[in-house]
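Next come the chains, spelled out residue by residue.
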Amino acid sequence: MNDSIKPVKKRGARTKFFPPYALMVGLIGSSLLDSFLVHLPIFAGNIIILLLGLTIAVSSFLMAIYTLKIFSDNEENPHPKSLQNQLFLGGTFKYSRNPIYLAMVTILLSCGLAFNSWWYIIAAIISVPLLTYGVIIPEEKYLEKEFGKVYLDYKSTVRRWL
């Protein structure tokens, strides 16, 4: 008879889905709807708006990469279900508690500008509550338990989105 006791596995936040899925579904879905269902233009497009949208999208992508590098440099996993050993308060986290999710939503919005399509804007609007309730709030609960007052102080001084 084996009477060994298995250790309880600690886990990170109990999120509902993997956050990049919101971006991927938004981008692919918007592109398909715009191409095959109906194009919903926002305005009479021009090259300046295209370049502005692409510039914002690339800047947001670079912000996400920079934020992921913060995790990597500190040997932490950015996946929301992973255990976190430290709380990041500097870099992009000085301005948003969720800079990667902010970048994802901004990429969708800027693609709406670049490709002159409401579908991307609609996807961004839908992704905000999905990310907030499906990922961010469970992460916040986990971080409150894990880091206590330090996280609560940070939460009171830095906004969830921007």
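**Side note on the packing of helix H1 (residues 20-37) against helix H3 (residues 99-114)**
- Interaxial distance between H1 and H3 falls to 9 Å at its minimum, and their mutual angle equals 10°. Put simply, H1 runs roughly parallel to H3. In contact with Pro20, Leu23, Gly26 and Leu27 of H1, H3 contributes Met104, Ile107, Leu108 and Cys111.
- Tallied by class, residues from the contact of H1 with H3 come to 7 nonpolar, 1 polar and no charged.

**Some points on the packing of aromatic side chains**
- Per the counting criterion, the structure on display carries 6 aromatic pairs.
- Ring geometry for Phe18 versus Tyr21: centroids 5.4 Å apart, planes at 80°, classification edge-to-face.
- Relative to Tyr120, the ring of Phe115 has its centre 5.6 Å away and its plane inclined at 50°; by these criteria the two rings are tilted.
- Members of the aromatic cluster, connected to one another through ring pairs, are Phe71, Phe88 and Phe93.

**Focus: unusual backbone geometry**
- A positive phi angle, close to 55°, is found at Glu75, a residue other than glycine.
- Assignment of secondary structure puts Glu75 in the loop between helix H2 (47-73) and H3.
- For Glu75, a relative accessible area of 75% translates into the label exposed.
- Non-glycine residue Asn116 carries a positive phi angle of around 50°.
- With respect to the helices, strands and loops of the structure, Asn116 is situated in the loop between H3 and helix H4 (118-147).
- Take Asn116: its relative accessible area is 12%, and that puts it in the buried class.

The rules behind each value
Residues numbered from 1 in each chain as written. Predicted model: local features only at pLDDT ≥ 70, side-chain atom pairs only at ≥ 80, totals over all residues. Heavy atoms only, no water. Axes fitted to C-alpha atoms, helices over the stretch in contact; angles between N-to-C directions. Helix = DSSP H or I, 4+ residues; strand = E, 2+ residues; numbered from the N terminus. Parallel < 35°, antiparallel > 145°, perpendicular 65-115°, else oblique. Contact = heavy atoms within 4.5 Å. Nonpolar A, V, L, I, M, F, W, Y, C, P; charged D, E, K, R; others polar. Phe/Tyr/Trp six-rings, centres within 6.5 Å; stacked < 30°, edge-to-face > 60°. Buried < 20%, exposed > 50% of the residue type's maximum accessible area, 1.4 Å probe, protein only.

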